[in-house]
Amino acid sequence: MTETNRPVETPRVKQDADYIFHELTRSICPECKAVIDAQIILRDNRVYMRKRCPDHGWFEGIISSDAKMYVDSIGFNKPGTIPLDFSTEVDRGCPLDCGLCPEHKQHICLGLIEVNTNCNLNCPICFANAGIGYSLTLQQVEAMLDRFVEIEGNPEVVQFSGGEPTIHPDLPAMIQAARDRGIRQVMVNTNGVRLARDDRFLKTMAMLNPVIYFQFDGLRRETYQTIRGEDLLDTKLKALDRLHEEGLDAVLVAAIEHGVNVDEVGPIVEFGLRHPAVRGVVLQPVTHVGRHIHFDPMNRVTIPDVIHGIVEQTSQRFVLEDFVPVPCCFPTCQVNSYAYVDGDQVTPLPRLLKVDDYLDYITNVALPKIPEAGEIREALEGLWSASAVPGSDKATSQFECACGPGLEMPFGSDHLNKHIFQIAVKDFLDSYTFNVKQVMKCCVAVLVPDGRAIPFCAYNSVGYREEVREQLTLQQGLARNV
């Protein structure tokens, strides 16, 4: 072949990737739960986790539908507080040494005690996969509470959960045991069925006065058919009315699932603002662990979806700037907002005070130059925390501290407790979104009888739940046979 007949080679051209590599972290394989490297990438203003298991190949899932919101949240990463004691040693590395180990970066704001695995419902969506298993004894719970006090000194919040904790015969005694140990706030996580139907039990709860963390997924009957397996709307509404009659405070807790009730986040907030028993709303994108309906990891609900839904579905009663990342956990895990409610008038706290000036720990390196700045930051840190309990005296005093000095408030502080409303959007991790960086700063932990306190997302995703359930079920089975 002559030079003139030689084929002309097309020059190779380098191409840019269609994504931005944001960071490298550690995660788990959705199939075998092995700990593997994971990439956080930004693409089309969305955030994805991409990872490869040597045995099961590549996996990708969305973790945020708003890349700017995700990246901007890093400024709200508050330095952690070290617990007084640890229960495990560093051996295999995070997340395989949970208990807490000395490499954990935050203390426990909220301790969870799952008193049983049994439930009076059989929901298609249940992160705990409630069913036959174990039921803790009062003595076990008392020992767990004692250990919680050893770890924390003065624990802020304990929440009794399950299964369905209200069907445990010793729940009232467990609540009292927490009170006896000086734990400031006690919560009961419940579907509300027994509260709607059992007068004696309702009266007992009224005497003990825990905050009711109340499962409430929407205002449509078909929402409950899909998420809970039966129409529970009337039961939910009846239970809330009965709580009000007995003077009990409730926080509505909604599991938000793609294609089911994303369009109800605004109506849930509006309902909560109107109902006299409700002090706040927690909106949780469905955690795809345990027992759940099929889902597409590339098309799921994330925190920005919920925030945008609230803004769009409440006739601009709220705006995006009203929602601020929570600094005590990793700031991509939760956002909060607070409002003062006076009839139809709703005034979000961030309209009265530039919350970002106090809680952005990186961008804003200096507090505003006012004498009360330190006190205001401390109050806001308390409100923007997993330990914040709507309707509590502490939250009321913190709200008043943040809004009072130097501000002309169009309302007085009398009966402020009943006028403060909290909105929280909380996203828990599953095997597609599991991020070791976030888990290492988790401040919500499941307390277990052997003395460990296991970060909630690790407990549900890595295999701790199955391990603890098997151990306790076996122990109770052996005890019955002795």
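All values reported here derive from a predicted model rather than from experimental measurement.

## Some remarks on the pattern of salt bridges
In the structure shown here, the tally under the stated rule is 28 salt bridges. One salt bridge connects Glu 264 with Arg 220, and the closest N-O pair in it is separated by 3.6 Å. You can see Glu 264 sitting in the loop between β9 (250–256) and α8 (265–274) and its partner Arg 220 sitting in the loop between β8 (211–215) and α6 (221–227), a full 44 residues away along the chain. Judged by its relative accessible area of 26%, Arg 220 falls in the partly exposed class. Here Arg 452 ties to Asp 450 by a salt bridge, and the two come within 2.9 Å at their closest N and O atoms. Three or more residues joined by partner-sharing salt bridges are found here, namely Arg 220, Glu 222, Asp 263 and Glu 264.

## Description of the packing of aromatic side chains
Using the criterion set out here, one finds nine aromatic pairs in the structure. Between Phe 127 and Phe 456, the ring centres sit 5.4 Å apart and the planes meet at 70 degrees, which makes this aromatic pair edge-to-face. Taken together, the positions of Phe 127 in the loop between β5 (110–114) and α2 (138–152) and Phe 456 in helix α15 (residues 456–461) put the pair 329 residues apart, joining distant regions of the chain. With a relative accessible area of 28%, Phe 127 lands in the partly exposed category. Ring geometry for Phe 216 versus Tyr 224: centroids 6.5 Å apart, planes at 70 degrees, classification edge-to-face. Phe 216 gets classed as buried once you look at its relative accessible area, which sits at 0%. The exposure class of Tyr 224 is buried, given its relative accessible area of 0%. A network of ring pairs unites the aromatic residues Phe 214, Phe 216, Tyr 224 and Phe 271 as a single cluster. Above the face of the Tyr 48 ring, Arg 43 is positioned so that its terminal group lies 4.4 Å from the ring centre. A cation sits over an aromatic face here: Lys 236 above Phe 214, 5.4 Å from the ring centre.

## Digging into the pairing of strand β1 (residues 20–28)
For β1 and strand β2 (residues 35–43), the ladder comprises eight bridges, and the chain directions are antiparallel. Across the sheet, Ser 27 pairs through a bridge with Ile 36, a residue of β2. Here β1 folds back onto β2, and the loop between the two strands holds six residues, one of which, Lys 33, carries a positive phi near 65 degrees.

## Observations regarding a nonpolar patch on the surface
Together, Tyr 19, Phe 21 and Leu 24 give the surface a local cluster of nonpolar side chains, amounting to about 300 Å² of exposed area. On the basis of relative accessibility, which here comes to 30%, the residue Tyr 19 falls in the partly exposed class.

## A look at the environment of Asp 427
Relative to the helices and strands, Asp 427 is located in the loop between β14 (420–426) and α14 (436–439). Overall, Asp 427 belongs to the buried group, its relative accessible area being 16%. Each C-alpha atom of the pair Asp 427 and Gln 313 lies 20 Å from the other, and the pair is 114 residues apart in sequence. If we ignore the near neighbours within four places in the chain, the residues touching Asp 427 are Ile 63, Pro 285, Ile 303 and Cys 333.

## A closer look at empty space enclosed by the protein
Any empty space left between the atoms is revealed when a probe the size of a water molecule rolls over them. Inspection of every chain in the model, using the stated rule, returns six cavities of 30 Å³ or more. Counted as a void, the largest cavity has a volume near 850 Å³. At the level of elements, β5, β6 (157–161), β7 (185–190), β8, β9, β10 (278–285), β14 and α15 are the ones that each hand at least two residues to the lining of the largest cavity. The residue makeup of the lining of the largest cavity, split by class, is 27 nonpolar, 15 polar and six charged.

## Description of the sheet that holds strand β4 (residues 57–64)
With antiparallel pairing, four strands are arranged side by side in an open sheet as β1-β2-β3-β4. Both edges of this open sheet fall to β1 and β4, since each of them pairs with a single strand only. Ignoring which end each strand starts from, the neighbouring axes of this sheet average 25 degrees apart. Direction of pairing for β2 relative to strand β3 (residues 46–53): antiparallel, over a ladder of six bridges. For Arg 43, the partnering residue across the bridge sits in β3 and is Arg 46.

## Describing the layout of surface pockets
Of the voids in this model, the largest pocket is the one considered here, and its volume is about 690 Å³. Lining the largest pocket are 35 residues, with Met 69, Ser 73, Phe 323, Pro 325 and Val 335 positioned closest to its centre. Only β4, α1 (67–72), α9 (303–313), β11 (324–325) and α11 (355–359) provide two or more residues apiece to the lining of the largest pocket. Ranked by residues supplied to the lining of the largest pocket, first place goes to α1 with four residues. Residue composition of the lining of the largest pocket, by class: 21 nonpolar, six polar and eight charged. Here the second largest pocket is characterised by a volume of approximately 400 Å³.

The rules behind each value
- Residues numbered from 1 in each chain as written.
- Predicted model: local features only at pLDDT ≥ 70, side-chain atom pairs only at ≥ 80, totals over all residues.
- Heavy atoms only, no water.
- Salt bridge = Lys/Arg side-chain N within 4 Å of Asp/Glu carboxyl O.
- Helix = DSSP H or I, 4+ residues; strand = E, 2+ residues; numbered from the N terminus.
- Buried < 20%, exposed > 50% of the residue type's maximum accessible area, 1.4 Å probe, protein only.
- Phe/Tyr/Trp six-rings, centres within 6.5 Å; stacked < 30°, edge-to-face > 60°.
- Lys NZ or Arg CZ within 6 Å of the ring centre and 35° of its normal.
- Pairing = 2+ DSSP bridges.
- Patch = residues over 30% accessible without salt bridge, like charges linked within 9 Å, V, L, I, M, F, W, Y side chains within 5 Å.
- Areas by Shrake-Rupley, 256 points an atom, 1.4 Å probe, with all protein chains shown as cover.
- Contact = heavy atoms within 4.5 Å.
- 1 Å grid on protein atoms, 1.4 Å probe; cavity = no way out; pocket = protein on both sides within 12 Å on 5 of 7 lines; lining within 4 Å.
- Points joined across faces, edges and corners; volume = space filled by probe spheres on them.
- Nonpolar A, V, L, I, M, F, W, Y, C, P; charged D, E, K, R; others polar.
- Axes fitted to C-alpha atoms, helices over the stretch in contact; angles between N-to-C directions.

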